[in-house]
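A structural walkthrough
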Amino acid sequence: MTLDELKRLAMSMLDKAYCPYSHFPVGAALECEDGSVFTGVNIENASYPVGTCAERTAFGNAISAGHRSFKRIVIATRTKDYSSPCGMCRQFMYEFSPDLEVICLNEKGDAKTYTMRELLPGGFDTANLQSRI
Ligand code: THU
């Protein structure tokens, strides 16, 4: 899939977001290393902390289908400025993809691109667990 197609897909997901509390839809399109693509939206809950972000929904869909290697994710929001992934999503994505390309879109579809390591320098990983004494 081209980057433009991936961007359009992420933006098309905005209408599927379930966000009756924040009214802040987020759409994500995640491309795996083998080229397959999975989407996600934010899913809120009347018990607010139970809600989940679009990025983690997309990763959950891909991981459930057996994928473990990811190339890039496009995250769309209806905002003037670029949004960026929340801290919890950064750590979640870092687990699988410290070298992931993270492409954030504003409402016009303009892109700001980061690497996962830029977004989460020194993220917690299995090496940290292994250095336990
Ligand atoms: N949200 C995401 O889906 N991704 C992020 O990285 C930031 C926040 C969602 C969570 C909540 O449903 C809404 O945006 C407002 O915080």
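Residues numbered from 1 in each chain as written. Predicted model: local features only at pLDDT ≥ 70, side-chain atom pairs only at ≥ 80, totals over all residues. Heavy atoms only, no water.

Turning to the pairing of strand S3 (residues 70–77), a few remarks are in order. When a strand is regular, its side chains alternate between the sheet's two faces. Counting buried positions over the eight residues of S3 gives seven, a clear majority of the element. Relative to S3, strand S1 (residues 26–32) runs antiparallel, the two sharing seven bridges. When the bridges of S3 are listed, Val26 appears paired with Thr77. As paired strands, S3 and strand S4 (residues 101–105) are joined by five bridges and run parallel to one another. Within S4, the residue paired with Ile75 across the bridge is Cys104. Read as a crossover between parallel neighbours, the route from S3 over helix H3 (residues 87–96) to S4 is right-handed. (Buried < 20%, exposed > 50% of the residue type's maximum accessible area, 1.4 Å probe, protein only. Helix = DSSP H or I, 4+ residues; strand = E, 2+ residues; numbered from the N terminus. Pairing = 2+ DSSP bridges. Right-handed = clockwise from strand over helix to strand, strands pointing away.)

Here we take up the site of the ligand. As a matter of local geometry, the ligand sits amid Ser22, Phe24, Val26, Asn42, Glu44, Cys53, Ala54, Glu55, Pro85 and Cys86. Protein contact buries 74% of the 370 Å² of open area that the ligand shows by itself. Considered class by class, the residues forming the shell around the ligand number six nonpolar, two polar and two charged. (Near = heavy atom within 4 Å. Areas by Shrake-Rupley, 256 points an atom, 1.4 Å probe, with all protein chains shown as cover. Nonpolar A, V, L, I, M, F, W, Y, C, P; charged D, E, K, R; others polar.)

Between helix H2 (residues 54–64) and H3, whose axes approach to 10 Å, the crossing angle comes to 25°. In terms of axis orientation, H2 runs roughly parallel to H3. Both H2 and H3 take part in a crossing whose hand is left-handed. Residues Glu55, Arg56, Phe59 and Ile63 of H2 form the contact with H3, whose participating residues are Met88, Cys89, Phe92, Met93 and Phe96. In terms of residue class, the contact of H2 with H3 is made up of seven nonpolar, no polar and two charged. (Axes fitted to C-alpha atoms, helices over the stretch in contact; angles between N-to-C directions. Parallel < 35°, antiparallel > 145°, perpendicular 65-115°, else oblique. Left-handed = near helix turned anticlockwise from the far one by under 90°. Contact = heavy atoms within 4.5 Å.)

Okay, the environment of Leu3 next. Within the secondary structure layout, Leu3 lies in helix H1 (residues 3–12). Here Leu3 falls in the partly exposed class, since its relative accessible area comes to 33%. Residue contacts for Leu3: discarding those within four places in its chain leaves Arg72, Val74 and Ile103.

Below, the discussion takes up the packing of aromatic side chains. Tallying each qualifying case throughout the model produces six aromatic pairs. Each ring, one from Phe59 and one from Phe92, has its centre 6.2 Å from the other, and the planes form 85°; the classification is edge-to-face. Residue Phe59 is located in helix H2, and its partner Phe92 is located in helix H3; the two are separated by 33 residues in the primary sequence. On the accessibility criterion, Phe59 (0% relative accessible area) is buried. One aromatic cluster is present, built from ring pairs that chain together Phe59, Phe70, Phe92 and Phe96. (Phe/Tyr/Trp six-rings, centres within 6.5 Å; stacked < 30°, edge-to-face > 60°.)

Another aspect to go through is the pattern of salt bridges. Inspection of every chain in the model, using the stated rule, returns four salt bridges. The partner of Arg72 in a salt bridge is Glu31, with the nearest N and O atoms 2.7 Å apart. Of this pair, Arg72 sits in strand S3 while Glu31 sits in strand S1, and the two are 41 residues apart along the sequence. On the accessibility criterion, Glu31 (2% relative accessible area) is buried. Of the charged contacts in the structure, one is a salt bridge between Asp99 and Arg117, with a shortest N-O distance of 3.1 Å. You can see Asp99 sitting in the loop between H3 and S4 and its partner Arg117 sitting in helix H4 (residues 116–119), a full 18 residues away along the chain. Because the salt bridges share partners, they merge into one network encompassing Glu31, Lys71 and Arg72. (Salt bridge = Lys/Arg side-chain N within 4 Å of Asp/Glu carboxyl O.)

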